[in-house]
Structures are given as C-alpha cells and as structure tokens.
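Understanding the architecture of this molecule
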Amino acid sequence: MLTLTKTHVRLGQSAASKAEAIRLVGQTMVEAGFIEPGYIDSMLRREGVSATYLGNGIAIPHGTPDARDLVKRTGVVVVQFPRGVDWGKDGAARVVVGIAARSDEHLQVLANLTGVLGDAAKAEELARTRDAGLIVVTLNGASAAPEPVASTSPLATEGPFIQVTSPAPHGMHARPSTALVEVAKRFRSDITVHYGQKSGSAKSLISLLQLGATGGAPLIITASGADAEAALGAIRAAFEAGLDEEVSLRPAASAAAPAPAARLDYDGQMVAGISASPGIASGPAWLFQHERLVVAEKAPDPAREHERLAQALAGAIAELHNLHQEFFKKAGATRAAIFKAHQELLDDPEMVTEAGRHIDGGASAGWAWRRVYEERAEALARLPDPLLAGRAGDLRDVGRRVLRMLADVVEGVATLPDHPVVLLAEDLAPSDTAKLDPAMVLGLCTVGGGATSHTAIIARSLDIPAVVAAGPAVLDLVNGEDCILDGDGGVLVLRPSAKDQARAATWRERVREQRDAEKLDRYKPAITRDGRRVEVAANIGSAKDAQKAVDAGGEGVGLMRTEFLFLQREDPPGEDEQYEAYRTMVRALNGLPIILRTLDIGGDKHVPYLSLPAEANPFLGVRGIRLCFEREDLFRTQLRAILRASKEGPVRIMYPMVATLAELRRAKAITEDVRREVGAAPVETGIMIEVPSAVMLADQLAKEVSFFSIGTNDLTQYVLAMDREHPVLAPQADGVHPAVLRMVDLTVKAARGAGIWVGACGGVAGDPAGAITLSGLGVSELSVAIPTIPAIKALLRSVSMKDLETVARQALACEGAAEVRALVRGLLARAGEGA
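Residues numbered from 1 in each chain as written. Predicted model: local features only at pLDDT ≥ 70, side-chain atom pairs only at ≥ 80, totals over all residues. Heavy atoms only, no water.

The next thing to look at is the pairing of strand β26 (residues 707–710). The alternating pattern of β26 places Phe-707 and Ser-709 and Phe-708 and Ile-710 on opposite faces, both of which are buried. Pairing geometry for strand β25 (residues 684–689) and β26, over 4 bridges, is parallel. Note on β26: the bridge partner recorded for Ile-687 is Phe-708. (Buried < 20%, exposed > 50% of the residue type's maximum accessible area, 1.4 Å probe, protein only. Helix = DSSP H or I, 4+ residues; strand = E, 2+ residues; numbered from the N terminus. Pairing = 2+ DSSP bridges.)

So, in structure tokens, the structure goes:
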C-alpha cells in the first residue's frame with residue numbers, strides 16, 4: 001500500500017510563480033522515479049483547465065489523462081513553500097502535493113490530507129514545520145491502509161436518493177470529484193454523497209476527496225430541496241458518462257473513428273465549456289446579435305390583428321417547411337427533423353386561442369403572440385427535467401420567427417461579415433445554425449446550451465467545430481479579435497499566443513492526416529484483428545450517390561431509399577423513369593450488390609398524388625408495405641422497373657415495415673407475379689426489421705427471405721415508444737439502448753437458425769458504439785452514410801471480434817444506453833493502448 005516517506009518531502013522551498021512551483025514539484029517526482037520528465041508539462045496543462053488549489057494553503061497539482069503513460073509508478077511527493085506561492089484567485093499555496101497516479105493507491109493519502117483542510121491551525125503547522133516526519137505522519141494517517149468500508153445500502157431517508165458506482169479504476173479523485181461538484185452546484189438542493197459510514201457534500205471538492213472512495217465502490221447520493229429529483233437525474237447522467245474519466249469519441253455525425261486525443265496546452269486564457277462538435281478552428285471572433293423586434297402594445301381593429309396573426313403563423317410554417325427541405329439535402333432526415341418538430345410547436349391551438357383572447361382585449365397581434373410564447377418558454381425553462389427545460393430555446397426560436405412577421409420595427413438585423421469567423425453568441429437558435437455556411441463560419445461557441453441540443457446536433461452535421469455552455473466570458477471578445485475554438489477539448493482560447501496558433505494548426509493537420517490515412521485504406525475490407533470480416537456498405541438516396549459510395553470504399557449499397565423518385569412532384573414516376581434511375585445505380589456499382597427498398601412513404605410525408613388521409617399517428621398508420629398494398633398499381637410499376645434493372649447486375653429487393661408473415665407472403669407473391677411478366681431471373685428478397693412484431697416473428701419470417709436488414713432508427717422508436725423526431729424525447733431514443741440491442745440479438749439468432757445473414761442500415765450502424773455492439777451481436781453488414789465509410793472500416797480493423805462479442809454480451813445486461821457507450825469507450829481506449 002502506498003505510503004509517503006521523508007525522502008519524498010522537501011521543506012523550506014521558494015518559487016516566484018505557480019509554474020515554477022509546479023516544475024519544482026514535478027522535478028521532485030522525476031527524481032523519486034514516479035514520472036517521466038514530460039509529465040511535468042501535463043501538470044502545467046491541467047492548471048490551465050482547472051485549478052488544483054484546495055484551500056488553507058494546500059494544492060494538489062496533477063497531470064491530464066492523456067499523459068498517464070508518462071507515469072512510471074504511482075506516488076506522491078510534498079514540497080513546502082513557507083512564504084507561499086500565488087496560486088491564482090483562490091489564494092497562496094504553502095503545502096503542495098504532487099500526484100503521479102496510475103491507480104487509486106494515492107486516494108488514502110488525499111483523504112488524510114483533506115482532513116487537514118478543516119483545521120486551519122494544523123494546515124499552518126504543516127506549512128511552517130521543519131520536521132518532515134510530521135508531514136509524513138499526517139498524510140499517512142494512523143495506517144497506510146484504507147479503513148474498511150461498510151456495505152453501502154439505501155439510507156433510512158424519506159427523501160429521494162440514487163445509487164451509483166465510483167468511477168473505475170481510480171475512484172473519486174480530483175478530476176471526477178471536480179466534475180461532480182460542477183454538476184451539483186447547478187442545483188439549489190442540498191446534495192450529499194455517502195460512502196460506507198462517511199458522507200460529504202457533493203458541492204465541496206474537499207468533502208468528496210475526504211471520502212476516499214475507491215474505484216467501483218457503491219455510493220448513495222441523497223438530495224433535499226425543490227429541485228432534488230432533477231439534481232439526482234443530472235448526477236446519475238454524469239456518473240453514467242464517466243465523470244470526465246472516459247476517453248471521448250468524436251460524435252458519429254462527424255465521423256466514426258476516434259480522433260487523436262486533444263491536449264489542452266494553450267498559453268492564452270482558456271474558457272471551458274462542453275464539447276458539442278469536434279474539430280479546431282482559429283480566426284477572428286464575431287459576436288452574433290439577435291435583431292430587436294419592436295411591437296405596439298395596442299391595436300384598434302381586433303379582426304385585422306386576428307388576420308395578421310394567422311398570416312404570420314402560416315408564413316412561419318412555410319418557412320420551416322422550406323428550411324426542413326433544404327436541411328434535409330445537407331444533413332439527412334434525422335437532423336432535418338428538428339424543423340418538423342418546430343412546425344409542430346407552432347401548430348398549438350391553445351397558444352393561438354390565448355393570443356386571440358389578448359387581441360380581443362385590445363392587444364396587437366405582435367404583443368399578444370410574444371406574451372404567449374414567452375410565458376410558455378419561461379414555464380418550460382423552470383421544469384426540473386433539464387431536457388424538457390432545454391426545449392424553451394426551441395419555443396423561443398419559433399416564437400421569434402412569427403414575431404418577426406408581426407413586428408412594427410426590426411432593429412439591428414443579425415448579419416455576418418464577408419470573411420470567415422469564429423461565431424460567438426449568447427444562444428444560437430437551430431434555425432440560425434442551419435443557415436450557417438461552413439466556409440464562412442469556422443466554429444461557434446455559445447454561452448449556454450448542451451451537447452445534445454439541436455444547435456449542437458446541427459453543428460455536428462455541418463461539420464462545424466462547436467463549444468457550448470462556456471459562460472458569459474464568451475462575450476468578452478470584440479469583433480475581429482483572434483481566438484481558437486477547440487471543439488475536441490471543449491474550450492475557447494482567448495488571446496492565443498503564436499505558439500497556440502501553431503499548435504492548433506498542427507492539431508488540424510494531425511486530424512486531416514488521420515482522415516487521409518482512412519481514405520487511403522478505404523478499399524481495404526473491414527477485417528478485425530482476429531480475422532473476422534464485417535461488410536461496410538452505403539446508404540444512398542439518389543442515383544448520383546451510387547458512384548460516391550464506390551469512391552468512398554463502400555462494398556455495395558445496403559439501403560437505397562427509392563422515395564427520392566416519388567417526392568416533390570405532382571405525379572408518380574413512370575416505369576421507364578424508375579428503370580433508368582435504378583439501371584444507372586447498378587451500372588455505377590460495377591458488380592457490387594445493391595439493395596433497393598420498395599416505396600416507404602406514409603402520412604408523415606406530403607405526396608399530393610397519393611391523396612393520403614390525415615392520420616392521428618402516421619407512424620402507426622398506412623406506410624411502407626401497407627401503402628404498397630393500398631396502391632398496388634404503384635407497387636407493381638416499381639417492381640417492374642427494379643426487376644428490369646436486375647438484368648444489369650446484382651439487385652436485391654427489400655420490403656419496409658413488414659409486421660406480419662401474411663404481409664411478407666403477399667409482397668413476395670406480387671413480386672413473383674411481376675418477375676414472370678418481366679422475364680427476369682429470381683432475385684434475393686429481404687425485409688426491414690423495424691417493428692417489434694417482426695422481431696418476435698423473426699424465426700418464421702427468416703424462412704421466407706434471403707436476408708434481414710435492421711432499420712435501427714424505426715426499431716428504436718417503436719421499442720422505446722419515443723418518436724425519434726420529438727423535440728423532447730428524441731435525444732433519449734438511443735439505438736444502443738439495451739432494449740434495442742436485445743431485439744437485435746433475437747433477430748440475429750433467428751436468422752442464424754434459418755441460415756440467412758443480417759445487416760443493419762439505421763443511423764446507429766455508423767456510430768462507433770453502434771458499429772461495435774451490432775457487429776459483436778452478429779450483424780455481418782453495416783450500411784452507413786457515405787462520409788463515414790472509411791472511418792467505420794478503420795474502426796473495425798482496430799479491434800478483435802472476440803472483444804466485440806464480449807462487449808456486446810455485456811451491453812445486453814446494461815441498464816441504459818450511457819452504460820453501453822461507456823463500455824465501448826473502454827474497449828476503444830484499450831485498443832488504442834495496444835496499437
């Protein structure tokens with residue numbers, strides 16, 4: 001067990017600055033054989049991110065996680081500075097404990113140390129003593145071994161509580177404790193962490209360190225106050241995310257493979273926030289200011305004001321529809337769905353009714369509308385659920401869209417310069433973000449927000465580096481002032497040095513080189529380290545995408561969404577038009593297989609010539625294969641075109657939204673009838689596994705088809721009963737949720753029993769956690785967005801199938817998606833260390 005010895009204590013030292021003091025402490029650690037010299041730089045970088053001053057003249061400098069390989073063995077040293085060293089705004093440090101940590105052995109020393117912090121006289125004694133033995137005895141305590149910790153069980157309390165696990169392998173040391181304090185301080189409630197017979201305030205770093213909780217230990221967290229439930233929910237989420245202990249991955253929307261670990265070694269002032277979109281940008285800052293909308297309070301003609309409000313609402317909905325269509329082209333249906341949700345926010349009869357009452361009372365349409373949407377937004381913001389509260393920004397965004405059409409005066413219209421900038425804003429609405437030109441906006445940073453906000457999602461899909469929740473210091477810059485935005489590290493660097501600029505340029509080059517390396521290897525198959533192959537194909541939505549898929553290294557097309565031929569037109573496409581499109585794709589693939597999904601349209605899409613009736617819930621109505629049966633004329637025409645194109649190369653037909661065996665058999669019978677008419681050879685047929693009934697009938701369905709393809713997007717929303725386009729619930733509809741993965745497991749087992757293969761073509765297939773868990777469960781083909789093909793293949797080549805299968809089995813037993821993602825991060829961290 002680790003103990004401090006006199007040889008590791010230096011008394012009576014002096015230093016002119018904190019950096020000099022840290023270097024002296026680091027040199028002591030080097031001489032003790034604890035670290036390599038390079039670790040000292042890591043200690044200095046850590047100070048730039050979060051101060052290590054504890055109080056009563058005691059500081060605990062330590063390195064960043066990426067430098068752990070420079071730790072030769074775990075140990076601590078103590079350097080005494082009797083005259084003190086300025087440690088920044090917190091105070092002067094007189095006893096500095098340097099930590100070299102590769103395990104949790106140092107925690108008891110820290111627990112003993114923090115016991116001194118409540119005793120000013122004892123701290124003063126350690127700062128002045130000429131006896132190294134006194135420091136040794138104080139820090140080692142009565143015994144070098146930690147006291148036994150009693151089993152932690154739910155407390156006898158009437159208030160709410162949660163049970164969590166201390167982060168492995170190092171427990172509640174400085175970094176995770178700091179992360180917990182930051183979360184706890186966001187809430188008014190009193191929050192207490194219980195570890196065995198000890199307890200401490202979750203808002204006090206000292207109290208948490210004093211617990212000495214080791215890795216993997218059970219903790220009980222209680223809260224009392226008006227926002228107790230919300231506080232515990234946020235804390236549970238923070239523990240599930242690893243409390244800053246896990247190695248971060250780039251979001252799947254940007255690419256699938258993890259980027260090299262960022263190092264926060266900037267000389268300029270760092271403003272810490274939350275990483276929302278990866279990448280590093282540098283350039284002049286530009287403050288984004290919303291325009292000021294001025295409206296009169298009163299209006300003389302209520303009828304006219306009712307009409308103005310109706311026109312403004314209709315105009316705003318039309319704008320959102322157009323925005324949805326444009327963003328759909330840029331970023332796909334999932335990201336564009338945000339603006340469909342915004343349309344739903346405006347389609348609220350209660351809001352219109354309440355605004356109408358104000359108008360009848362003499363208010364202008366603009367004044368009435370602003371009062372209604374602001375009141376509702378404020379009510380949302382007060383909700384204890386952070387996710388629900390976060391939607392207040394969405395309501396204000398759509399509310400302002402209507403108000404802009406009702407304003408009597410618009411002052412200070414938001415504009416951007418004609419040169420590239422790093423955009424800074426108090427907040428940025430999703431509609432504002434969607435309009436950004438990545439060529440002109442190098443990066444963006446906001447005062448508030450969260451990593452799962454719609455603004456963050458859109459930034460990732462546009463490949464714009466972004467940091468959110470950085471606080472009001474963001475607005476300290478003036479237009480034109482140079483800055484660096486580090487989306488990987490989650491910081492904005494103010495007044496960067498020339499060295500900072502060079503480092504940022506080097507980092508961008510490293511990422512570019514990694515992507516270039518992936519691109520060079522894009523035609524190599526995705527064969528795991530132990531020789532197992534997973535095919536990586538492309539999802540495409542137009543004929544021109546077929547060649548792009550081949551150029552990106554796709555091993556075929558796992559999903560061709562044929563809807564592109566049917567949408568945004570007044571009449572359905574004819575057989576020859578469809579045939580030409582399908583033939584073009586087949587020829588472009590030059591022998592690689594293509595899966596053509598038959599028409600998948602429902603009441604959620606506006607298709608005039610189909611005359612689909614409005615449905616209360618279009619996701620549970622006439623869509624997919626059901627529509628094909630309703631409009632068999634369209635189905636047969638499409639099948640004729642597909643089967644004619646099959647004469648040009650390997651074509652597979654896939655039926656969407658099959659829920660019953662009868663539906664599949666009917667679809668097959670129609671296909672066979674058309675095949676004989678066309679005179680085409682038999683083709684492979686398969687179905688999308690998207691609804692729970694298909695999973696439960698998979699053993700029967702598998703006997704009727706050549707393959708399954710799991711549509712993880714729809715399967716997730718049906719299994720979790722969460723609309724994947726819902727503005728509140730969508731972030732929780734995670735395709736690696738254990739409930740969804742268990743559905744995948746059942747599907748694969750049924751397919752294996754029938755001797756057929758299983759692919760996956762939903763968004764999760766292109767997500768690192770999804771690619772790993774799906775492959776580990778036995779999915780043999782991943783069909784992903786074209787830009788992610790090289791990275792997904794590189795990711796699979798970096799791991800063994802044995803490890804994938806192990807993680808997948810563990811994932812099935814997890815409690816939630818966050819726990820699954822943590823498992824995957826751990827696997828990738830180990831794989832990176834072994835590379």
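This next bit is on the environment of Arg-676. Within the secondary structure, Arg-676 sits in helix α22 (residues 661–678). Take Arg-676: its relative accessible area is 59%, and that puts it in the exposed class.

Our focus in this paragraph is the sheet that holds strand β8 (residues 198–201). One open sheet holds the 4 strands; their spatial order is β6-β9-β7-β8, and the pairing between them is antiparallel. Either end of the sheet is taken by a strand with one partner, and the two such strands are β6 (161–165) and β8. Ignoring strand direction, the axes of neighbouring strands in this sheet form an average angle of 25°. Looking at chain direction, strand β7 (residues 190–195) and strand β9 (residues 218–224) are connected through 5 bridges and run antiparallel. In the sheet register, Ile-191 faces β9, and the bridge partner there is Ala-223. (Axes fitted to C-alpha atoms, helices over the stretch in contact; angles between N-to-C directions.)

Let us now look at the sheet that holds strand β3 (residues 58–59). Spatially, the 5 strands line up as an open sheet ordered β1-β4-β5-β3-β2, and their pairing is mixed. Strands at the two margins of the open sheet, each flanked by one partner only, are β1 (9–10) and β2 (53–55). Looking at chain direction, β3 and strand β5 (residues 92–100) are connected through 2 bridges and run parallel. Note on β5: the bridge partner recorded for Ile-58 is Val-95. Contacts from helix α4 (residues 120–128) reach β4 (75–86) and β5 within the one sheet, and its direction differs from that of β5 by about 80°. (Contact = heavy atoms within 4.5 Å.)

Take the environment of Ala-581 next. Turning to its location among the elements, Ala-581 is positioned in helix α19 (residues 575–589). Once you skip the residues sitting within four places of it in the chain, Ala-581 turns out to touch Ala-543, Phe-564 and Leu-565.

With that settled, the discussion passes to the state of the cysteines. Tallied over the entire structure, the rule returns 0 disulfides. Considering cysteine sulfurs only, Cys-483 is the nearest to Cys-445, which forms no disulfide, with 8.3 Å between them. In this structure Cys-445 comes out as buried when scored by relative accessible area, which is 1%. (Disulfide = S-S within 2.5 Å.)

This paragraph deals with the pairing of strand β22 (residues 557–561). The element β22 is largely enclosed, with a buried count of 4 among its 5 residues. In the sheet, strand β21 (residues 533–540) pairs with β22 via 3 bridges, with the strands oriented parallel. Its bridge partner lying in β22, Ala-538 is registered against Val-557. Summarising the sheet, β22 and strand β23 (residues 594–597) pair through 3 bridges and their orientation is parallel. Looking across to β23, one finds that Val-557 is bridged to Ile-594.

Taken as a whole and judged by the stated rule, the model has 4 aromatic pairs. Look at Phe-629 and Phe-635: their rings are 6.4 Å apart centre to centre, the planes differ by 80°, and that puts the pair in the edge-to-face class. With 4.9 Å between their ring centres and 15° between their planes, Phe-707 and Trp-757 make a pair best called stacked. Taken together, the positions of Phe-707 in strand β26 and Trp-757 in strand β27 (residues 757–760) put the pair 50 residues apart, joining distant regions of the chain. Among the residues examined, Trp-757 registers a relative accessible area of 23% and is labelled partly exposed. Put simply, the rings of Phe-629, Phe-635 and Tyr-655 touch in pairs and so form one group of aromatic residues. (Phe/Tyr/Trp six-rings, centres within 6.5 Å; stacked < 30°, edge-to-face > 60°.)

In this section: the nonpolar core. Formed by 107 residues in total, the largest nonpolar core has its most connected members in Phe-708 and Leu-782. If we ignore the near neighbours within four places in the chain, the residues touching Phe-708 are Ile-687, Ile-689, Ala-698, Leu-701, Ala-702, Thr-747, Ala-751, Ile-756, Trp-757, Val-758 and Gly-759. Ranked by size, the runner-up nonpolar core spans 29 residues in total, among them Ile-162, Ile-191, Ala-230 and Ile-235. (Core = buried A, V, L, I, M, F, W, Y, C linked by side-chain atoms within 4.5 Å.)

The predicted coordinates ought not to be read in detail in places where the model reports low pLDDT. Here the protein chain averages 81 in pLDDT, and 78% of its residues register 70 or above. Of the regions scoring below 50 in pLDDT, residues 142–154 engages in 24 contacts with residues more than four places distant in sequence or in other chains. Considering only residues more than four positions removed or in separate chains, one finds that residues 246–263, a stretch of pLDDT under 50, has 58 contacts. (pLDDT = per-residue confidence, 0-100.)

In an α-helix, one turn spans 3.6 residues, which is why side chains three or four residues apart end up on the same side. The end-to-end C-alpha separation of helix α1 (residues 18–31) is 20 Å, in line with the 20 Å expected for 14 residues at 1.5 Å each. Of the positions making up α1, those classed as buried are Ala-21, Ile-22, Leu-24, Val-25, Gly-26, Thr-28 and Met-29. Looking one or two places after α1, you find Gly-33, whose phi comes out positive at around 85°. (Expected span 1.5 Å × (residues − 1).)

Following the criterion strictly, the structure yields 39 salt bridges and no others. The closest approach of N and O atoms between Arg-503 and Asp-267, which form a salt bridge, is 3.9 Å. Of the two residues, Arg-503 sits in helix α17 (residues 498–520) while Asp-267 sits in the loop between α8 (228–240) and β10 (269–272), which places them 236 residues apart along the sequence. Since its relative accessible area comes to 48%, Asp-267 is described here as partly exposed. Counted as one network, the salt bridges with shared partners bring together Glu-575, Asp-576, Glu-632, Arg-636, Arg-640, Arg-644, Arg-666, Asp-673 and Glu-677. (Salt bridge = Lys/Arg side-chain N within 4 Å of Asp/Glu carboxyl O.)

This paragraph deals with helix α25 (residues 712–720). Most of α25 sits out of view: 7 of its 9 residues are buried. Those residues of α25 that sit buried are Thr-712, Asp-714, Leu-715, Thr-716, Gln-717, Tyr-718 and Leu-720. On its buried face, α25 sits against β25, α23 (692–696), β26 and α26 (738–754). Directly after α25, the chain includes Ala-721, whose backbone phi takes a positive value near 55°.

Helix α27 (residues 768–777) packs onto α26 with a crossing angle of 35° between their chain directions and a minimal axis gap of 9 Å. Considering only the axes of α26 and α27, their crossing is right-handed. Each of Leu-741, Val-744, Asp-745, Val-748 and Arg-752 in α26 lies in contact with α27, whose residues at this interface are Thr-773, Leu-774 and Leu-777. Counted by class, the contact of α26 with α27 contains 5 nonpolar, 1 polar and 2 charged residues. (Left-handed = near helix turned anticlockwise from the far one by under 90°. Nonpolar A, V, L, I, M, F, W, Y, C, P; charged D, E, K, R; others polar.)

Now for the side chain of Lys-793. With respect to the secondary-structure elements, Lys-793 resides in helix α28 (residues 789–797). Only 3.0 Å separates the side chain of Lys-793 from the backbone oxygen of Lys-524, close enough to count as a polar contact. Aside from chain neighbours lying at most four places away, what touches Lys-793 is Arg-522, Tyr-523, Lys-524, Pro-525, Ala-526, Val-536, Gly-553 and Glu-555. (Polar contact = N/O pair within 3.5 Å; in protein donor to acceptor, adjacent residues only side chain to side chain.)

Residue position: Pro-300 is located in the loop between β13 (292–294) and α9 (302–331). The sequence separation of Pro-300 and Ile-359 amounts to 59 residues, and the corresponding C-alpha distance is 9.7 Å.

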